[in-house]
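# Examination of the molecular architecture
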Amino acid sequence: MDVTDRASDVEEATREAAIAAQLALARQPVRASATNCEDCGTEIPEGRRTAQPGVLLCVGCKCIQERMNRR
Ligand SMILES: [Zn+2]
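Residues numbered from 1 in each chain as written. Predicted model: local features only at pLDDT ≥ 70, side-chain atom pairs only at ≥ 80, totals over all residues.

### Section: the domain arrangement of the protein
The test is simple: These domain limits were set by an automatic method or by a database of domain assignments.
In terms of domain boundaries, the protein breaks down into domain 1 (1-30) and domain 2 (32-71). Centre-to-centre, using C-alpha coordinates, domain 1 lies 34 Å away from domain 2.

In structure tokens form, the structure reads like this:
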């Protein structure tokens, strides 16, 4: 087995793993949006829930979370 064969073996294994990961992601159901913010309990407007499926936080808490993540 030469270097080229080994490289294509690695490439194939990597591609298969990537495909499997994508399939697993695609199979996950979209999480239902929360009706109330998980953090402060404020009701999340219908429009926000529709626009962002799986949303769990109100706009205010989302802003705070994003600011904390940036640090
Ligand atoms: Zn909130």
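### Focus on helix α3 (residues 59-70)
The condition that has to hold: A helix here means a DSSP run of H or I that spans at least four residues, while a strand means a run of E at least two residues long, and both kinds are numbered starting from the N terminus. Multiplying 1.5 Å by the residue count of a helix minus one yields the expected span of that helix. With C-beta atoms placed from the backbone, the exposure class of a residue follows from how many other C-beta atoms lie within 10 Å of its own: 20 or more, buried; 12 or fewer, exposed; in between, partly exposed.
With twelve residues, α3 extends 17 Å between its outermost C-alpha atoms, agreeing within 8% with the 16 Å of an ideal straight helix rising 1.5 Å per residue. Counting buried positions over the twelve residues of α3 gives zero, only a small fraction of the element.

### A look at the confidence of the model for the protein
How we decide: A score from 0 to 100, pLDDT tells how confident the predictor is in each residue.
When pLDDT is averaged across the protein, the result is 91; 100% of the residues are at 70 or more. Per-element confidence in the protein is highest for α3, whose mean pLDDT is 94, and lowest for helix α2 (residues 46-51), whose mean pLDDT is 92.

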